[in-house]
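# Architecture at a glance
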Amino acid sequence: MTEAELKLLMVAGMAGDRRAQGVLLSACAMRLRAYYGRRLTGRIHDVEDLVQDTLIAIHTRRESYDPALPFTAWLYGIGRYKLIDHFRRCGIRTTVPIADVPEIGVEGEGDSVLARLDIDRMLAILPAKQADAIRLTRIDGMAISEAAERTGQTETSIKVGVHRGIRKLRAMMQGKR
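Residues numbered from 1 in each chain as written. Predicted model: local features only at pLDDT ≥ 70, side-chain atom pairs only at ≥ 80, totals over all residues. Heavy atoms only, no water.

## Thoughts on the overall build of the chain
Secondary structure assignment for the chain yields 8 helices and 0 strands. Taken from the N to the C terminus, the helices and strands of the chain come in the order α-α-α-α-α-α-α-α. Long-range pairs, those at least 24 residues apart, make up 64% of the contacts in the chain between residues at least 6 apart in sequence. For the chain, the exposed surface amounts to about 10800 Å²; the carbon and sulfur share of it is 55%. (Helix = DSSP H or I, 4+ residues; strand = E, 2+ residues; numbered from the N terminus. Contact = heavy atoms within 4.5 Å. Areas by Shrake-Rupley, 256 points an atom, 1.4 Å probe, with all protein chains shown as cover.)

## Examining the side chain of T72
Topologically, T72 is positioned in helix α4 (residues 71–90). Among the polar contacts made by the side chain of T72, one reaches the side chain of E3 at a distance of 2.6 Å. (Polar contact = N/O pair within 3.5 Å; in protein donor to acceptor, adjacent residues only side chain to side chain.)

## Comments concerning the packing of aromatic side chains
Enumeration over the complete set of coordinates arrives at 5 aromatic pairs. Ring geometry for Y35 against Y36: centres 5.3 Å apart, planes inclined by 65°, an arrangement best described as edge-to-face. The aromatic ring of Y81 is capped on one face by R80, whose charged end is 5.8 Å from the ring centroid. (Phe/Tyr/Trp six-rings, centres within 6.5 Å; stacked < 30°, edge-to-face > 60°. Lys NZ or Arg CZ within 6 Å of the ring centre and 35° of its normal.)

## Concerning the nonpolar core
Of all hydrophobic cores here, the largest spans 26 residues; its most connected members are C28, L32, Y36, I58 and F71. Looking at this core, the elements that each hand over two or more residues are α1 (3–14), α2 (18–39), α3 (44–60) and α4. In terms of residue count, α2 provides more of this core than any other element does, 8 residues in total. The contacts of Y36, once residues within four sequence positions are left out, are V47, L50, V51, T54, G79, K82 and L83. Grouped together as the second largest cluster of nonpolar side chains are 12 residues, A133, I134, M142 and L169 included. (Core = buried A, V, L, I, M, F, W, Y, C linked by side-chain atoms within 4.5 Å. Buried < 20%, exposed > 50% of the residue type's maximum accessible area, 1.4 Å probe, protein only.)

## Brief notes about helix α6 (residues 128–139)
When α6 is considered as a whole, its buried residues turn out to be Q130, A131, A133, I134, L136 and T137. Phi turns positive, to about 80°, at G141, one or two residues after α6.

## Describing α2
When the terminal C-alpha atoms of α2 are compared, their 31 Å separation across 22 residues agrees well with the 32 Å that a helix rising 1.5 Å per residue should span. Residues of α2 that are buried sit in contact with α1, α3 and α4. Measuring from the side-chain oxygen of the N-cap residue of α2 to the backbone nitrogen of R19 gives 3.1 Å; that N-cap residue is D17. (Expected span 1.5 Å × (residues − 1).)

## Re the pattern of salt bridges
On inspection of all chains with the given rule, the structure shows 2 salt bridges. With its nearest N and O atoms 2.7 Å apart, the salt bridge here joins E48 to R33. Of this pair, E48 sits in helix α3 while R33 sits in helix α2; the two residues are 15 residues apart in sequence, bridging distant segments of the chain. A relative accessible area of 28% means that E48 is categorised as partly exposed. (Salt bridge = Lys/Arg side-chain N within 4 Å of Asp/Glu carboxyl O.)

Remember, this is a structural readout, not a statement about activity or role.
Right, here's the structure in full:
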């Protein structure tokens, strides 16, 4: 199945099309079995567990997918995080051959998709107004006045939201609460 077909199925699934969601998850399962199978040779039970965990994550986190970005990069980003979590739980240290790296996602876009997933995960912790203020001004590059107009807040509220949100994120990253 092509990138475009997978993306269409994902968008249809996000809109509530159960059949499209089922076809998408089946196609993803095939790709994930191959992905994990190459990395976990001889550990088929682990492969199936990871495939199921990843399919659940795809289903429950589908709202985090941005249709403007490649679907396979998003899919393999989630798969990569699940694999890393598995390695940590099992105490496995491994390396990935450099020849496998381009296959992880669409060339040149995989890192940006992973970064976006990290940012979305962090912003989800903040109150909505702070997250919106940071996203609009620091990520989307809007001026304070534009962000205020779009959200219906005052410019001062946007500035305070950005300041407090970034301060909270910084404290969390440094292990403070």
